[in-house]
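Analysis of the macromolecular model
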Amino acid sequence: MESKRPSGIHQTVLVVAVALAAVFGSVFGAAGAVLMTGAINGTDLVARLTGMPAEVATDRRIVQMIEEEGASISVVDRVAPSVVSVMILKTWKAVREEEANDEFFSPLYAPPIADVPPGTDPNELVEVGGGSGFFMSSDGYVVTNRHVVSDLDATYTVVTNDGVELPATVVARDPFLDIAILDVAGDNYPVAVLGDSERIRIGQTVIAIGNTLSEYRNTVTKGVISGINRSVTAGDEYGSDEVIERAIQTDAAINPGNSGGPLINLLGEVVGINTAISYDG
């Protein structure tokens, strides 16, 4: 399975999806009503198999659906405060120099050199990318992906769930596991509870939380564990590849910017870190 790091191309996909939602919203709303009706009617089969009155089976199915939805909402409310956005910052001068180098080394594709806005200090920091992370300790240690904070020349800032920006220092990078640790000054931060990834099962419900497209903080998606112990080759648009062993596969939607965010179970425990997107399905 070949996977790639999130790239800017997914911004177009998201914009198109938002636009289509306005067109097809009424259609999907009607379809949702049909699916709900089907789910309730499906209890007729349960009633016949168990000998339970159809009305009782329907009531129990409705209660079950409400409980499942309530469980998802509850764990997101509990975990979301511990999730942060990781901002990658560089000076205007550095960005301009990097794009000039790209132009020199890539004669077939020469991106425009970023001009410093009039009146702007060339040494002023500008956001050039981002990812996600979560507090693993109340005294400010944050877990994220190593590839999110791989640039040794960049400055990093984390943005908490309530919008507070905090300077962060990279204290550890593990290229083998693609994990990094950031240190943020302060204490009493909300902490995500770590679960046991060895106990997860295929088909188990999971929820991903992250900074989608480095713009939409704490975006939530839901899916199931599709596979475990996968070997994945992850790369980016620059041709840098690395192999990730014992990866967890999920069909929860992961977008650019989700890298480093938590994958949690319905107990609100972190069972994985969102790392790469597979384009092979």
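Look a little higher up for the structure.
Scoring rules and cut-offs
Residues numbered from 1 in each chain as written. Predicted model: local features only at pLDDT ≥ 70, side-chain atom pairs only at ≥ 80, totals over all residues. Heavy atoms only, no water. Helix = DSSP H or I, 4+ residues; strand = E, 2+ residues; numbered from the N terminus. Buried < 20%, exposed > 50% of the residue type's maximum accessible area, 1.4 Å probe, protein only. Contact = heavy atoms within 4.5 Å. Salt bridge = Lys/Arg side-chain N within 4 Å of Asp/Glu carboxyl O. Pairing = 2+ DSSP bridges. Phe/Tyr/Trp six-rings, centres within 6.5 Å; stacked < 30°, edge-to-face > 60°. Polar contact = N/O pair within 3.5 Å; in protein donor to acceptor, adjacent residues only side chain to side chain.

Quick notes on the overall build of the chain
Helix and strand counts for the chain stand at 4 helices and 14 strands. The buried share of the chain, reckoned over its 281 residues, is 36%. Intrachain contacts of the chain at a sequence separation of at least 6 include 66% that bridge at least 24 residues.

Remarks on the pattern of salt bridges
Throughout the structure, instances matching the rule amount to 2 salt bridges. The closest approach of N and O atoms between Asp-151 and Lys-90, which form a salt bridge, is 2.9 Å. Pair noted here: Asp-151 is in the loop between β4 (141-144) and β5 (155-159) and Lys-90 is in strand β2 (residues 83-91), with a separation of 61 residues, a long-range link. Looking at Asp-151, the relative accessible area reads 26%, which means it is partly exposed. With relative accessibility at 5%, the residue Lys-90 sits in the buried group. When the shortest N-O distance is used, the salt bridge between Asp-178 and Arg-146 registers 3.9 Å. Taken together, the positions of Asp-178 in the loop between β6 (165-174) and β7 (179-184) and Arg-146 in the loop between β4 and β5 put the pair 32 residues apart, joining distant regions of the chain.

A word on the pairing of β6
Within a regular strand, the side chains alternate between the two sheet faces. In terms of strand pairing, β5 meets β6 through 4 bridges, oriented antiparallel. Within the sheet, the bridge partner assigned to Val-159 lies in β6 and is Glu-165. Direction of pairing for β6 relative to β7: antiparallel, over a ladder of 6 bridges. Its bridge partner lying in β7, Arg-173 is registered against Ala-180.

Points about the pairing of strand β3 (residues 125-135)
Sheet analysis places β2 next to β3, joined by 9 bridges and oriented antiparallel. Residue pairing across strands places Val-84 opposite Gly-133, the latter belonging to β3. Bridge analysis of β3 against β4 gives 2 bridges, and the strand direction is antiparallel. Bridge assignment links Phe-134 to a residue of β4, and that residue is Val-143. Hairpin connection from β3 to β4: 5 residues lie between these consecutive antiparallel strands, with Gly-140 at a positive phi of about 105 degrees.

Focus: the packing of aromatic side chains
Inspection of the entire model under this criterion finds 1 aromatic pair. Centroid distance Phe-135 to Tyr-189: 4.4 Å. Interplanar angle 5 degrees. Geometry classified as stacked. Here Phe-135, found in strand β3, pairs with Tyr-189, found in the loop between β7 and β8 (193-194); they are 54 residues apart in sequence, far enough to count as distant. A relative accessible area of 1% places Phe-135 in the buried class. By relative accessible area, Tyr-189 is classed as buried at 14%.

Details of the side chain of Ser-132
Mapped onto the secondary structure, Ser-132 falls in strand β3. Ser-132 gets classed as buried once you look at its relative accessible area, which sits at 0%. A distance of 2.6 Å separates a polar side-chain atom of Ser-132 from the backbone oxygen of Gly-257. Aside from chain neighbours lying at most four places away, what touches Ser-132 is Val-84, Ser-85, Val-86, Val-143, Thr-144, Gly-210, Asn-211, Gly-257, Asn-258, Ser-259, Gly-260 and Gly-261.

Focus: the side chain of Asn-145
Residue placement: Asn-145 occurs in the loop between β4 and β5. Within the structure, Asn-145 has its side chain in polar contact with the backbone oxygen of Asp-178 (distance 3.0 Å).

Brief notes about the environment of Asn-145
Residue class for Asn-145 comes out buried when judged on its relative accessible area of 0%. Once the C-alpha coordinates of Asn-145 and Ala-180 are considered, the two residues, 35 residues apart in sequence, prove to be 5.4 Å apart. Polar contacts involving the side chain of Asn-145 include one to the main-chain amide nitrogen of Gly-260, which spans 2.8 Å. Within the structure, Asn-145 has its side chain in polar contact with the side chain of Thr-275 (distance 3.4 Å).

Topic: the environment of Ser-137
Mapping Ser-137 onto the fold places it in the loop between β3 and β4. Judged by relative accessible area, Ser-137 falls into the buried class, the value being 18%. On a C-alpha basis, the gap between Ser-137 and Asp-187 in space is 8.6 Å, while along the polypeptide they are 50 residues apart. If near-sequence neighbours (up to four positions away) are discounted, Ser-137 is found in contact with Tyr-189 and Val-191.

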